[in-house]
Amino acid sequence: MSGERDEEEAAALVASAEPPQTSVSSGVASIMVGLVFLALLIGFGRWIKLNDNSFILGNISSINTGRPRNHSLANYTSPFTCSNGTSTTCPATAAPPPWRWPAAASTTPSCPDYFRYIHDDLRPWRGAGITRDAMERARKYAYFRLVVVDGRAYVETYQLAFQMRDVFTQWGILQLMRRYPGRVPDLDIMFACDDPGQVRAAEFATPSDAPPVFRYCKDKSTLDIVFPDWSFWGWPEVGIRPWTPMLAEIARENKRVPWSQREPLAFWKGNPDRYRIRHDMMKCNVSNGKEWNARLFNQDWGKARQNGLKDSSIPKQCLYRYKIYIEGNAWSVSEKYILACNSPVLFVVTPFQDIMSRGLVAGKHYWPIDRNHMCESIKFAVDWGNQHPVEAQLIGEQGSRFAREEMSMDYVYDYMLHLLTEYAKLLRYKPTVPEKAVEICTHSLACPADGQHRPCMMDSMERRSADSDPCTLPPPFTTAQAKEMADKEEELLRNIQKMEKEHAARP
C-alpha cells in the first residue's frame, strides 16, 4: 500500500544517544542580524497582529487566554472487563438515550479556530446533501465503512490497512462514544486509511457529486474530509504511546534538557527512501566542508525493530534547539511530536493539510522553510535563532503550547464530535447496518488484542463520560478572512525569503 512506509518514519523517532558536540558556525555580522531581526519583527507584526484584536492573533482563540480545554468528567457507568480474556462479543447493554442538543446558545468556550475547517471540508455537500448513491460511490476509496445506529457502532471491512491504522481509528471513535454517550448521531461514513487525498475536485463538475471520504489529510486539490489520525490512540508497532501519556513524557524531557542547553543545530531523523523531498534534504548534512546547521539521520526501521526499538524514543528527540518537520508520502504523523518539544520547528512548507497544521500560524508556532532551497533556508533559520535566542525560544514555546493545549485529547474528541454531528446533518437517508457489517465496541477490539496493542488501548480508554458540553463550534471563515490569512502568510514567506537571499549573499 502506498502509505504504509511514510509516517512511520513519520514519527521521526530519535536515537537515545547524546548528539555530537558541534559548535554553530559564526560569521553573521551583528549589525546584519540586527537588521534581519527588525525586518522580521515588521513581518511578524503584520502577520500575528500582536497589538490588535484580529481573529488572526494566534489563529487560536484559547491561546490568547492561555487556558487549555478541561472537561468536567463523571464516572463512567459501564466499566470495562474481559470476561474470558479474548471476548469479541459486545455486551448486550442498552444504548444510551440520544442526546438532545440544547436549543439555547451554548455558554461553553469557543473551539479553537482550526475547528472552522469542519465547515470547509463539508461545504461540497451543504446544499444537495449526501445521498446513499454518493456513499456507495465512496466505497472504491475506502478501507472500511463505519455505521452508527442507535448508539451502537458497526464496521464493514473492504481492505486491511497498514499495521493497525484502521483498528485504532475505530478504537478512537468508540472512545468518543464512551466520552459522549448518546451524543454521536446515527451516521454512515467511508474511511480511507492511506495517506494522500484521492477525491480530486477537478473530476466532479458539481462538488456535491463527489463521494464523501474520511481521511487523515488532504490538499487544496482534493475534497477528502480530514479526521484525526490513528496515532492519537497509540502506534504500538513503532513504540509510540497514546497522545496524552506521550505528552507527559515529552514534558519531562523538556524540563530535563532546557532549550538553552540543547545542541544549537537543526535535527531530523526518519526514512528518506522513496520520498524525493526527504532525499534532497539529506544533502543539507555537512558535506564538502559546507555547514548547513543541520544534523539529519536515516532511520533504519528493520534494525530498530530487531533491537526492540530500545534506541528509539520520541521524548529523546528533544535534544536539539531546532526540529525539522518534512512531509513523507503526504503529511507526517511526526508533526505533533516534533511540535511538542519546546524547540522551534523548522517546517518545510507543504501542500498537505491535517487537523493540526491548519491551526498553525507561520511566525508564531513555527518557522517556514522554503522547500525549493531547503539547505539555505535551514541554515538561515538556525543562524537567526542562535543570534536571537529569546525570540526563537518563544516560537518553540508557542508551538509546543499549541500541541499540548489546542491539540489536547479534550479538543481532539470535541473536533470529532462536531465533525460527525455536522456530517450526519447532511445525510439524506437513514443509516442502516450493512449486511456484512459486524458490531464493534471497546470489548470486541481490546479483549482479543495482543500484548503489543492492548496496552495502548488500555492507556487511551475513556473511563469517564463528559457531563459538560463540548466547546462551541465557531462559524466558517468568511471569504475575506480566508484571503487575509493567505495574503499575510505569503507576505511573511516573501519577507523571510528576501532575508535568506541577503544573508546568503554576504561574504
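The coordinates are above.
Here we summarise the structure given alongside this text. Note that the structure is predicted; figures quoted are calculated from it, not measured. (Residues numbered from 1 in each chain as written. Predicted model: local features only at pLDDT ≥ 70, side-chain atom pairs only at ≥ 80, totals over all residues. Heavy atoms only, no water.)

## Things to note about helix α12 (residues 409-424)
Note the following rule: Only DSSP runs of H or I reaching four residues or more are called helices, and only runs of E reaching two or more are called strands; each is numbered from the N terminus. How far a helix is expected to stretch is found by multiplying one less than its residue total by 1.5 Å. Relative accessible area decides the class of each residue, using a 1.4 Å probe on protein chains only: under 20% of the type maximum gives buried, over 50% gives exposed, and in between gives partly exposed.
Look at α12: 22 Å from first C-alpha to last across 16 residues, which is about the 22 Å you get at 1.5 Å a residue. The buried count for α12 comes to 16 of 16 residues, which makes it a mostly enclosed element.

## Points about the sheet that holds strand β8 (residues 263-270)
Stated formally: Two strands pair if DSSP finds at least two bridges between them. An axis is simply a line fitted to the C-alpha atoms; with a helix, the fit covers only the stretch in contact. Between two such axes, the angle follows the N-to-C directions and lies from 0 to 180 degrees. Residue contacts are defined here by distance: any two heavy atoms, one from each residue, within 4.5 Å place the two residues in contact.
Here 5 strands make up an open sheet; going across it, the order is β9-β8-β11-β12-β13 and the pairing parallel. The open sheet terminates on both sides in strands that have one partner only, identified here as β9 (294-298) and β13 (367-369). Going across the sheet, the axis of each strand differs from the next one's by a mean of 30 degrees, ignoring polarity. Taken together, the 3 bridges between β8 and strand β11 (residues 320-325) define a ladder with parallel strand orientation. Pairing of Ala266 across the sheet is with Tyr322, part of β11. Its contacts with the sheet put helix α10 (residues 374-387) on β8, β9, β11, β12 (345-348) and β13, and the angle it makes with β13 is roughly 155 degrees.

## Regarding the nonpolar core
Condition: In these notes, a set of buried Ala, Val, Leu, Ile, Met, Phe, Trp, Tyr and Cys residues joined through side-chain atoms within 4.5 Å is what counts as a nonpolar core.
Leu346 and Ile378 are the most contacted members of the largest nonpolar core, which totals 131 residues. At 11 residues, the largest contribution of residues to this core is made by α12. The contact partners of Leu346, leaving out residues within four places of it in the chain, are Ala266, Tyr322, Lys323, Ile324, Tyr325, Trp367, Ile369, Ile378, Ala381 and Val382. One finds Leu265, Phe267, Leu319 and Tyr320 within the second-largest nonpolar core, a separate group that totals 5 residues.

## Here we look at the packing of aromatic side chains
We describe a pair of aromatic rings using the distance from one ring centre to the other and the angle between the two ring planes. Put simply, the test is: Working definition: a ring pair exists when centres of Phe, Tyr or Trp rings (six-membered ring for Trp) sit within 6.5 Å. Plane angles under 30 degrees give stacked, over 60 give edge-to-face, the rest tilted.
The tally for this structure, following the rule as stated, stands at 27 aromatic pairs. When the ring of Trp230 is compared with that of Trp331, the centres are 6.3 Å apart and the planes differ by 90 degrees; the resulting orientation is edge-to-face. Residue Trp230 is located in the loop between β7 (225-226) and α6 (243-256), and its partner Trp331 is located in the loop between β11 and α9 (334-339); the two are separated by 101 residues in the primary sequence. Ring geometry for Phe347 against Tyr366: centres 4.8 Å apart, planes inclined by 40 degrees, an arrangement best described as tilted. With Phe347 in strand β12 and Tyr366 in the loop between β12 and β13, this residue pair connects regions lying 19 residues apart in the sequence. By relative accessible area, which is 7% here, Phe347 ends up buried. Looking at Tyr366, the relative accessible area reads 8%, which means it is buried. Within the aromatic cluster, the residues linked to one another by ring pairs are Phe144, Phe191, Phe214, Tyr216, Phe227, Trp230, Trp235, Trp331 and Tyr423.

## Notes on the pattern of salt bridges
Under the convention used in this document: Definition used for salt bridges: Asp or Glu carboxyl oxygen within 4 Å of a side-chain nitrogen of Lys or Arg.
Applying the stated criterion to the full structure yields 29 salt bridges. Residue Arg179 pairs with Glu462 through a salt bridge whose shortest N-O separation is 3.0 Å. Taken together, the residues span a long stretch of sequence, with Arg179 in helix α5 (residues 165-179) and Glu462 in the loop between α14 (454-460) and β15 (464-466) at a distance of 283 residues. Of the residues examined, Glu462 reaches a relative accessible area of 12% and is grouped as buried. Ionic pairing is found between Arg241 and Glu249, a salt bridge with its closest N-O pair at 2.8 Å. A single network of salt bridges, built from pairs that share partners, joins Asp121, Lys218 and Arg358.

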